[in-house]
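# An overview of the molecular structure
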Amino acid sequence: MKFKGTVTVWLKESIFDPQGAAVKGSLAAMGFKEVENVRIGKNIVITLEAESPEAAKDLLDSMARKLLANPVTESYRVYVEEEKAGAQR
Amino acid sequence: MKFGVVVFPGSNCDSDAYHVLRDVIGADCEYVWHESRDLSGFDALVLPGGFSYGDYLRCGALARFSPVMDSVYKFVDEGKLVIGICNGFQILLEAGLLPGAMLPNDVLEFRCQWVNLKVENTSTPFTNLYKPGEVIRVPIAHGEGNYYAEPEVLDELERAGRIVFRYVDAYGNPTREANPNGAARNIAGIINEKGNVLGLMPHPERCSESLLGGEDGRRVFLSMIKSLETGAFLSK
Amino acid sequence: MADTSQKAPWREMGLKDSEYELIKERLGREPNYTELGMFAVLWSEHCAYKHSKPLLKTLPTEGPRVLVGPGENAGVVDIGDNLACAFKIESHNHPSAVEPYQGAATGIGGIVRDILAMGARPVILLDSLRFGPPDDPRTRFLFGGVVSGIAGYGNCLGIPTVGGEVFFARPYAGNPLVNVLCAGLMKHEDLHRGGAYGVGNVVMVVGHSTGRDGIHGCTFASDVLGEDSESKRVNVQVGDPFMEKLLIEACLEMMASGAVVGIQDMGAAGLTSSCAETAARAGTGLAIDVGKVPQREGGMNAYEVMLSESQERMLLIVSADKVEEVKRIGAKWGLHAAEIGRVTDSGNLEVFHNGKLEASIPVSLLAMGAPEYTPEAREPEYLKKTRNLRDEDIRAPEFGELKDILLRLLASPNIASKEPVYRQYDYMVRTDTVEGPGKGAAVMRVKGTKKGLVFTTDCNGRLVYLNPAAGAAWAVTEAALNVAVTGARPLAITNCLNFGSPENPEIYWQLKEAVRGMGEACRVLETPVTGGNVSLYNETDDQAIYPTPIVGMLGVLDDIEKRIDPGFKRPGDIIAVLGKVWGDARSLAGSEYLEIAHGMVAGDPREPDLDLARGIIDVLTEGAGEGVFSSAQDISEGGLLVALAECCVHGAEGARGCAVSPKALGCGEREDIRVDGMLFGECNTAAVVSFPADLEEKVSEICKRHNVPLSVIGSVQGSSLAVETCGGLRILEVSVEEILSAYKTGLEKSLKG
């Protein structure tokens, strides 16, 4: 089965994120007073073959641990959805 | 004695390190292509600056999976010397050969400028020709040199004298203003526990000739040669 | 082949009806859609120089040092020691106006490949940038994007960005200028050409795969920017500096292997222009199959592959027996190196798609058949007003105001330190940068020799606007003096002519006059034009930019240890002016002072005294060679007083102050002299030097020999900049701290507003 996995990587909460702080400042200056916190991260979208959603998730988790995220500074989360047949990307 | 300068796709300070070692200092030096697995014959390795793999994903993250890196681990185990400069430092961090990680500069911009560094430990094989506490002038050029490690790790580095270079003002004080990138405790360079792997963000190869505005960096390479000649560091 | 007679698709592609008729006539038939697209890009202003070619022919292009002049990918100059320097400047204005980061980044990529195509290793970059007023939010967006685009791409390549300029003025608000100069080094025998020589040789594409990005980019570059320009963002290509770095290393290795017969960048108009131009230079033909071009996305047709402007690709003509070697090197660097066709003797560019013929056009018609236009030229109306600046129109400042004016000038974003910009560029990589950005011209050493190469870019668009011929001559003169104040001898220039629409008679007059002035200056200063680029249609909503013919100059220092710089060195050194400072109202024409202190852009700039400039260059190079000068600085934006302030800023510890009196410059002798003219006038053929007192006789003797007036105006002393009138009255004293503070913080303050 084909899956589309999304690995979201961002700086750990304990680490100051200067990009996030800069964006927060700009949003506040624009009048978005409601904003409490901004964290900036990245999405890595991976299309892969796996036997089940669980298997796909395990694979993606392993990729995230080994390469996609740096465990010293970054947290990550893995999302999996089934790639619809015919929906080519 | 022989130096190797590792060339990753995207390295761009490889020829600078090679030039200093060979033409300025007169050491025996060869390039090592990143796909090579044979490091026999080399006594010291330089992981040079640049943008290995375009710094895509994270600085140094992809380079650590280059074939040569398996041999670099063995090289380090054998007690030979490895110096990672700038991107080379980032690769050493990603490879786990040094603790911690790099974050983007707190100014959110690339910074190319001269900085003052205090040599905090002069008993390493990379700094034995500096005077204790000496302040030297060395250029930096990076976008991600904001060194980060957990507080316990930083404490351990401090305790063990493994912080080798710190950003300081002209008088040797590690002030906030003297810190160009937000690095924890003004750290510019650290060494591994065994003492044979140094990583630093500043570029000693860019200040090894008076024509380029300073020669303070040359003693890093001369120190390496001295300790290789005497074998001093291995006894530790 | 599809019939195109129903509609007029050529108009959408940017071709005039008359041009379409000409194509039909010369081809002897209707072109099909693919062919029409190929004509449209190659006959665009950007590629064919339709409106500028007759003018460009008038520029001097030859000299004893010129190895390759205009017509190839870049000019090449002999620098001695069997070494040669390839250098060229190119614009990327339109792409940067809509997507500043990628526009600037891909601008670097393109010019770097041009230098690479000559067989040289690219070693330095300079950027000449023009933006609207710094307090305009749009300017801040464009400025931030362009600077980070240059940093993002250039730093990754490992080519130091060592200099350039940044200038802000209202006319650039909608249409910023991003001109990039690249220079490369090679041995004479490594020189390569962009020719498809040798029938039977193999045509290869090396580098990135080809996608649908940037189709019709150069017709876009040949259009006036309008409201819909933002939606043209789809035309802007995305740069991959990592791939470019690999491409540089791979191509140098391929050329060193002896496999490469001809090589050409695939920049504007992509495969179409590179094929047509290489074949045209060699007088051959090419037969290629676009199906063999590595593609990024499926289903691309011949039209799309031929017109794609995907970045980081080179076209190589390879000896038939060396194809495997090229493929091996490509694989080593992880690049595509695909065989796509052969050199033929047909004289045609034949394009197949998986074996089916899609286009067949005579190469000469495609590459050289575009019509040339000599439009009507008419002196602009505005000149009647701006020229008419009289002495009494400029209120003479009180002495008490001078300090404030000087500090405002030093803090003006056009004069203030550009450190907030250049500290984002790696200007030291390659360990050849001896003098980086910040002091004037950049100086790089050439490893293995005693030589230094000196580079600068210059042009004050305000002066060109007020008097195109004089302004363009000033651009050349200022660049030459900038080079000469390092002690180097100016050798040659590359130019980038940035103007509005040539179809407007007033703009065409500006262009024509500017080329005349530039040619004249280049002839007298013996700095031939080795190549460059023309960028027209730089306007938005009928507002044209200041005409901006940017000059990039190369100079050589025979002994780099003998270089000089602007900073004062020792207290007690004598300060003198070489040349002539006019000091009258006319010398304030187009000055920064006039705009900052009086809110005026007016006057009629004098033409530079070119013979005097030549003499000054001789004095500086000879004096530097004999080691007589402690420092040297040219006089440009801000005039004499700002030049002196800069000598203080860059001064050595303990040598950052001076006391001067303009008495020796003729003050008190001529009635037309004004204090502000003397201190802030810009159109002076002059330089400020300092030297130890015991060398005055020697300096004076060198000046006499070259017919250059020498006027001693003061000495290096104290820790302030002090000026006395000829009567001995101290009219100005500014501490070095105040000078430094204004100069160092000016740019950031004006951008934060």
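## Side note on the overall build of chain B
A count of helices and strands for chain B gives five helices and eleven strands. With the C-alpha coordinates of chain B rotated into their principal frame, the extents come out at 45 × 40 × 40 Å. When the 236 residues of chain B are sorted by exposure, 59% land in the buried category.

## Observations concerning the overall build of chain C
Within chain C one finds 26 helices and 28 strands. The globule rule puts the C-alpha radius of gyration for 753 residues at 27 Å, and the 26 Å found for chain C is close to it. Taking the principal axes of the C-alpha coordinates as reference, chain C spans close to 85 × 55 × 45 Å. A total of 753 residues make up chain C; the buried ones form 64% of that total. Of the contacts formed within chain C by residues at least 6 apart in sequence, a portion of 85% connects residues at least 24 apart.

## Side note on the interface of chain A and chain B
Every contact between the two is made by eight residues of chain A and, on the other side, ten residues of chain B. When residues of the side of chain A that touches chain B are assigned to their parent elements, the largest contribution, three residues, is made by helix 1 (residues 18–29) of chain A. Considered class by class, the residues forming the side of chain A that touches chain B number five nonpolar, three polar and no charged.

## Some words on the interface of chain C and chain B
Often the size quoted for an interface is simply the accessible area lost on bringing the parts together. Between chain C and chain B, the contact holds 22 residues from the first and 22 residues from the second. Of all elements in the fold, only helix 8 (137–157) and helix 10 (241–256) of chain C reach the threshold of two or more residues within the side of chain C that touches chain B. With four residues, the single largest contributor to the side of chain C that touches chain B is helix 10 of chain C. Of the residues that constitute the side of chain C that touches chain B, the class distribution is eleven nonpolar, five polar and six charged.

## What about the sheet that holds strand 14 (residues 433–435) of chain C?
Backbone-to-backbone hydrogen bonds pair the strands of a sheet. The strands run either parallel or antiparallel. Residue and element names in this part refer to chain C. Pairing within the open sheet is mixed, and its six strands lie in the order 14-15-16-21-17-18. A single partner strand is all that each edge strand has here, and the edge strands are strand 14 and strand 18 (529–535). The sheet shows a mean angle of 25 degrees between the axes of neighbouring strands, direction not considered. Relative to strand 21 (residues 548–557), strand 17 (residues 489–498) runs antiparallel, the two being bridged by nine bridges. The residue of strand 21 that forms the bridge with Ile 493 is Met 553. Here helix 20 (residues 505–525) sits on the sheet in contact with strand 17, strand 18 and strand 21, set at roughly 175 degrees to strand 17.

## Observations regarding the packing of helix 19 (residues 468–484) of chain C against helix 22 (residues 610–625) of chain C
Residues and elements named next belong to chain C. Closest axis-to-axis distance for the helix 19/helix 22 pair is 9 Å, and the angle between their directions is 10 degrees. In terms of axis orientation, helix 19 runs roughly parallel to helix 22. Of the two elements, helix 19 crosses helix 22, and the hand of that crossing is left-handed. Mapping the contact onto sequence places Thr 477, Ala 480, Leu 481 and Ala 484 in helix 19 and Leu 610, Ala 613, Ile 616, Ile 617, Leu 620 and Thr 621 in helix 22.

## Thoughts on the arrangement of the chains
The pair of protein chains exhibiting the most contacts, out of two pairs of chains in contact, is chains B and C. Note that chain A does not reach chain C: the shortest distance linking a C-alpha of one to a C-alpha of the other is 10 Å.

## What to know about helix 16 (residues 402–411) of chain C
Every buried residue belonging to helix 16 of chain C is among Leu 402, Ile 405, Leu 406, Leu 409, Leu 410 and Ala 411 of chain C, and all of these are buried. Summarising the contacts, the buried residues of helix 16 of chain C are in contact with helix 21 (592–598), helix 23 (639–649), strand 28 (730–735) and helix 26 (736–752) of chain C.

## Describing the sheet that holds strand 9 (residues 163–168) of chain B
All names here are of chain B. Spatially, the nine strands line up as an open sheet ordered 2-1-3-4-11-10-9-6-7, and their pairing is mixed. Unpaired on one side and paired on the other, strand 2 (28–33) and strand 7 (135–142) mark the two borders of the sheet. Recorded for the sheet is a direction-independent mean angle of 25 degrees between the axes of neighbouring strands. Where strand 4 (residues 81–85) and strand 11 (residues 197–200) come together, four bridges link them in parallel fashion. Of the residues in strand 11, the one forming a bridge with Gly 84 is Gly 199.

## Overview of the pairing of strand 1 (residues 2–7) of chain B
All names here are of chain B. Across the six residues that make up strand 1, a large majority, five, are buried. Of the crossover connections in this fold, the one passing from strand 1 over helix 1 (residues 14–24) to the parallel strand 2 is right-handed. Pairing of strand 1 with strand 3 (residues 44–47), which is carried by three bridges, proceeds in the parallel orientation. Residue Gly 4 lies in a different strand from strand 3, and its bridge partner there is Leu 45.

## Quick notes on the pairing of strand 11 (residues 336–344) of chain C
Residue and element names in this part refer to chain C. Sheet analysis places strand 7 (residues 202–207) next to strand 11, joined by six bridges and oriented antiparallel. Looking at the pairing, Val 203 lines up with Gly 341 of strand 11. Pairing of strand 9 (residues 285–289) with strand 11 involves four bridges; the strand directions are antiparallel. Residue pairing for strand 11: Gly 285 is matched across the bridge by Thr 344.

## Structural notes on the environment of Glu 653 of chain C
Among the structural elements, Glu 653 of chain C can be located in the loop between helix 23 and strand 24 (658–660). When the C-alpha positions of Glu 653 of chain C and Phe 568 of chain C are compared, they lie 9.3 Å apart, and in sequence the two are 85 residues distant.

## Details of the confidence of the model for chain C
Confidence in the prediction of chain C, expressed as mean pLDDT, is 94, and 96% of residues score 70 or more. Both confidence scores are given for the complex: pTM 0.95, ipTM 0.97.

## Thoughts on the packing of helix 7 (residues 100–116) of chain C against helix 8 of chain C
Residues and elements named next belong to chain C. Remark: helix 7 packs on helix 8, axes separated minimally by 7 Å, with the N-to-C direction vectors making an angle of 40 degrees. Judged by the inter-axis angle, helix 7 sits oblique to helix 8. In the packing of helix 7 onto helix 8, the handedness of the crossing is right-handed. Counting all contacts with helix 7, which are made through Pro 100, Tyr 101, Gln 102, Gly 103, Ala 104, Ala 105, Ile 108, Gly 109 and Val 112, the residues of helix 8 involved are Leu 142, Gly 145, Val 146, Ser 148, Gly 149, Ile 150, Gly 152, Tyr 153, Gly 154 and Leu 157. Taken together, the residues that form the contact of helix 7 with helix 8 break down as eleven nonpolar, eight polar and no charged.

## Focus on unusual backbone geometry
Positioned with a positive phi, Leu 108 of chain B is a non-glycine residue whose angle comes to about 60 degrees. In this structure, Leu 108 of chain B sits in the loop between strand 5 (101–103) and strand 6 (111–119).

## A word on helix 5 (residues 218–230) of chain B
Residues and elements named next belong to chain B. Between its terminal C-alpha atoms helix 5 stretches 19 Å, which fits the 18 Å expected from 13 residues at 1.5 Å a residue. Within helix 5, burial applies to Arg 219, Val 220, Phe 221, Ser 223, Met 224, Ile 225, Ser 227 and Leu 228. Its buried side turned inward, helix 5 meets helix 1, strand 3 and strand 4. Phi for Gly 231, located one or two positions after helix 5, is positive at around 65 degrees.

## What to know about the environment of Arg 138 of chain C
Mapped onto the secondary structure, Arg 138 of chain C falls in helix 8. The residues touching Arg 138 of chain C, leaving out its near neighbours within four places in the chain, are Gly 132 and Ala 173 of chain C.

Rules and cut-offs
Residues numbered from 1 in each chain as written. Chains lettered and ligands numbered in written order. Predicted model: local features only at pLDDT ≥ 70, side-chain atom pairs only at ≥ 80, totals over all residues. Helix = DSSP H or I, 4+ residues; strand = E, 2+ residues; numbered from the N terminus. Buried ≥ 20, exposed ≤ 12 C-beta atoms within 10 Å, placed from the backbone. Rg over C-alpha atoms; globule rule 2.2 N^0.38 Å. Contact = placed C-beta atoms within 7 Å. Nonpolar A, V, L, I, M, F, W, Y, C, P; charged D, E, K, R; others polar. Pairing = 2+ DSSP bridges. Axes fitted to C-alpha atoms, helices over the stretch in contact; angles between N-to-C directions. Parallel < 35°, antiparallel > 145°, perpendicular 65-115°, else oblique. Left-handed = near helix turned anticlockwise from the far one by under 90°. Right-handed = clockwise from strand over helix to strand, strands pointing away. pLDDT = per-residue confidence, 0-100. Expected span 1.5 Å × (residues − 1).

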